[in-house]
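A closer look at the structure
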Amino acid sequence: MAGGAREVLTLQLGHFAGFVGAHWWNQQDAALGRPTDGKERPGELCPDVLYRTGRTLLGQDTYTPRLILMDLKGSLSSLKQEGELYRDKHLDAAIAWQGKLTTHKEELCSKNPYLQNQGRPEGVLRSDGAWRVKSIPHGRGPLPLSTAKTAEPLTPPEGSIRVWSDFLRVHLHPRSICMIQKYNHDGETGRLEAFGQGESILKEPGYLEELEDRLHFYVEECDYLQGFQILCDLHDGFSGVGAKTAELLKDEYSGRGIIAWGLLPGPYSLGEPQKNIYRLLNTAFGLVHLSAHSSLVCPLSLGGSLGLRPEPPVAFPHLHYDATLPFHCSAILATALDTVTVPYRLCSSPLSMVHLADMLSFSGKKVVTAGATIPFPSGQSLPDTLMQLGGATPWIPLSACGDPSGAHCFAQSVVLRGLDRARHTSQLTPGTPLPSPLHACATGEEVLAQYLQQQQPTALSSSHLLLTPCKVVPPYPRLLPSCSQLGLLTDSPPTRAAAASIPVFGALCSSSSLHQALGGLARELARLDLRRWASFMAAGVEQDDLEEMLQELYSLAQCYRDGSGLVD
């Protein structure tokens, strides 16, 4: 189905995972189109890794995400579970029963005003009333260049975003969305709050069979499946769903890569003790169980800490966001995710998920941290920019595992994307004394590799330098007031036209900062009086399970003791 691509199946588990996923797929969709500036850029990233070709009942070719998404009842708003692309209104209206009919009509949710303004996907209206969507040429590659003038895309008003489907612009396959009907998205009762509840969902034959059926559908059409990426909420019961899903994938698809992204939403307050205790327990259980069944686990959060004590959210020098809005937080995390996953999505010489995980997770170090500079300053040459950083960590931490400054790095995978080729190397006039060894490098790849060697001489490092920037077109929120439309940082007053793409510097790191972060999480849990939180244990977790989890968390933290190097 996907030619020579090394396919990846994405699983999104939870509502915040839906927010991150909606931004992620919007960014992938924006990258499919041809550049609006008329400059043809090299196809560095292979969309077939994430997308699949298909055909509707009307014979129309489609190109949709290879995705399984799980969320709770009431979370879809106006989005139909079966999607729009594969529906046939004539079949919907056909009823074989000839007897008396009673119609029960449920009131439909109103579509978000932003989506109403977007209109239909690009295509033509047929005489039979069916909308024929423009397809990808030959089932893959960029969309045809349209000569029609389109209105400037609008950014949705932030107050109008209630759920992730309010800003998802991508059409999904009918087998993508799987709803958990026994728990509610809204309301004070019937919530999926605890790890044990999430685990029990996939112990029920109905939900387990539905997930297995969808997995088989997507996996069996792949020519070369390299693995699975799981976007999973860690703070609620979906941590248990993610743990059981990873266990299922490991048992059923041995040898494939499984990379789990554990997602935590914005800041929290001490005024909600039960919610905070549950978050702590769910996060710990999720990290331990995901690391046991996955190739690699990376928590992603804009919070400052995994523990009970609230820490200020991370700050970006050129990015203004509201940490209380999932719409903002998820956009930033999706941008980082779109960058750090580059190695296994490349067209040429990709690093497979398994090899990436093996490089970062030696000696039991299954948990890694993420960081990113959004946007990366691109006004100077790369050697000049990196030299100005000095010995400081060049990216903002995005895993709520504390400040990585001064930590010992064991292994790292680094991606810099969106920097113009002319700025890859020194722009000094020949004969000018070189300010640093970086200015003597002949290529941008050499500059980046030498910089990483200077920063962490004993670390095992992998680096990639791409011309392709990260797309931030609407409905991506306007978080970059100091960026020009071309993604360059500027001191000029903000313009009406938002940046369409930006350079991003991202990294995955296995470092000694995880020793303190995971050990601190375990110590906080050990001090809890769980008799006060019997409701969490009643959801399906035994005292023995808790003690075993604590021991495994301590053992995991010990893997990251400073000075362990390449050989423990």
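Every value quoted in this text rests on a predicted model; they were computed, and no experiment measured them. (Residues numbered from 1 in each chain as written. Predicted model: local features only at pLDDT ≥ 70, side-chain atom pairs only at ≥ 80, totals over all residues. Heavy atoms only, no water.)

1. Things to note about the overall build of the protein chain
Across its full length, the protein chain holds 14 helices and 17 strands. The burial tally for the protein chain puts 53% of its 568 residues in the buried class. Considering only contacts within the protein chain whose residues lie at least 6 apart along the sequence, 81% involve residues at least 24 apart. Carbon together with sulfur atoms contributes 52% to the accessible area of the protein chain, which is approximately 25,500 Å² in total. (Helix = DSSP H or I, 4+ residues; strand = E, 2+ residues; numbered from the N terminus. Buried < 20%, exposed > 50% of the residue type's maximum accessible area, 1.4 Å probe, protein only. Contact = heavy atoms within 4.5 Å. Areas by Shrake-Rupley, 256 points an atom, 1.4 Å probe, with all protein chains shown as cover.)

2. Regarding the sheet that holds strand β10 (residues 296-300)
Backbone hydrogen bonds hold the strands of a sheet together, and the pairing may be parallel or antiparallel. Pairing within the open sheet is parallel, and its six strands lie in the order β7-β4-β1-β8-β9-β10. Two strands bound the open sheet, and with one partner strand each, they are β7 (177-184) and β10. Neighbour-to-neighbour, the strand axes of this sheet turn through a mean angle of 15°, independent of strand direction. Bridge count between strand β9 (residues 257-263) and β10: five bridges; the pairing is parallel. (Pairing = 2+ DSSP bridges. Axes fitted to C-alpha atoms, helices over the stretch in contact; angles between N-to-C directions.)

3. Here we look at the packing of aromatic side chains
Scanning the entire structure with this criterion turns up 13 aromatic pairs. Both rings, one in phenylalanine 167 and one in phenylalanine 327, keep their centres 4.9 Å apart while their planes meet at 70°; by these two values the pair is edge-to-face. A residue pair is termed long-range when its members are at least 10 positions apart, and phenylalanine 167 in the loop between β6 (131-133) and β7 and phenylalanine 327 in helix α8 (residues 326-340) qualify at 160 residues. Residue phenylalanine 167 is classed as buried on the basis of its relative accessible area, which comes to 0%. Note on phenylalanine 327: relative accessible area 3%, which makes it buried. Through a chain of ring-to-ring contacts, three or more aromatic side chains come together here, namely Trp24, Trp25, Tyr51 and Tyr63. Its end group placed over the ring of phenylalanine 217, arginine 175 keeps NZ or CZ at 4.5 Å from the ring centre. Cation over ring: lysine 365 sits above phenylalanine 410, and NZ or CZ is 4.8 Å from the ring centre. (Phe/Tyr/Trp six-rings, centres within 6.5 Å; stacked < 30°, edge-to-face > 60°. Lys NZ or Arg CZ within 6 Å of the ring centre and 35° of its normal.)

4. Here's the deal with the pairing of strand β8 (residues 225-233)
Of all the nine residues making up β8, nine are buried; the element is thus mostly covered by neighbouring parts of the structure. Relative to β8, strand β1 (residues 7-13) is paired through seven bridges, and the arrangement is parallel. Within β8, the residue paired with leucine 13 across the bridge is cysteine 232. Two elements, β8 and β9, share seven bridges in a ladder whose sense is parallel. Bridging from a neighbouring strand, aspartate 233 pairs with leucine 263 of β9. Since β8 and β9 lie parallel, the crossover through helix α6 (residues 238-252) that links them has a hand, and here it is right-handed. (Right-handed = clockwise from strand over helix to strand, strands pointing away.)

5. Description of the confidence of the model for the protein chain
Averaged over every residue, the pLDDT of the protein chain is 84; the share at 70 or more is 81%. For residues 35-40, every residue scores under 50 in pLDDT, and the model assigns this stretch two contacts once sequence neighbours within four places are set aside. Counting interchain partners and residues more than four positions distant, the pLDDT-below-50 stretch residues 119-151 has 51 contacts. (pLDDT = per-residue confidence, 0-100.)

6. A closer look at α6
With 15 residues, α6 extends 21 Å between its outermost C-alpha atoms, agreeing within 8% with the 21 Å of an ideal straight helix rising 1.5 Å per residue. Across the 15 residues of α6, eleven count as buried, placing the element largely inside the fold. The set of residues buried in α6 consists of Phe238, Ser239, Gly240, Val241, Gly242, Ala243, Lys244, Thr245, Ala246, Leu248 and Leu249. (Expected span 1.5 Å × (residues − 1).)

7. So, the packing of helix α10 (residues 382-389) against helix α11 (residues 444-455)
Running from N to C, α10 and α11 cross one another at 10°; their axes reach a closest spacing of 10 Å. Considered as vectors, α10 and α11 are oriented roughly parallel to each other. Crossing handedness for the pair α10 and α11: right-handed. Within the contact between the two elements, α10 uses Leu382, Pro383, Leu386 and Leu389 and α11 uses Gly444, Val447 and Tyr451. (Parallel < 35°, antiparallel > 145°, perpendicular 65-115°, else oblique. Left-handed = near helix turned anticlockwise from the far one by under 90°.)

8. A few points about the sheet that holds strand β12 (residues 396-397)
Spatially, β12-β11-β17-β13-β14 is the arrangement adopted by the five strands of the open sheet, whose pairing is mixed. With one partner strand each, in any of the chains shown, β12 and β14 (460-466) form the two edges of the open sheet. When strand β11 (residues 369-373) meets β12, the two strands line up antiparallel, connected through two bridges. Opposite glycine 371, over in β12, you have proline 397 as the bridge partner. Taken strand by strand, α8 contacts β11, β13 (409-417) and β17 (504-511), and its axis lies near 75° from that of β17.

9. Overview of the pattern of salt bridges
Going through the model one piece at a time under the given rule, you end up with eight salt bridges. Measuring nitrogen to oxygen at the nearest pair gives 2.5 Å for the salt bridge that ties glutamate 221 to arginine 52. Of this pair, glutamate 221 sits in the loop between α5 (205-220) and β8 while arginine 52 sits in strand β2 (residues 51-55), placing them 169 residues apart in sequence. Considered together, glutamate 221 and arginine 52 belong to a single accessibility category, that of buried residues. Among the salt bridges present, the one from glutamate 247 reaches lysine 244, with a minimum N-O distance of 3.3 Å. Taken together, the positions of glutamate 247 and lysine 244, both in helix α6 and three residues apart, correspond to about one turn of that helix. For lysine 244, a relative accessible area of 18% corresponds to the buried category. (Salt bridge = Lys/Arg side-chain N within 4 Å of Asp/Glu carboxyl O.)

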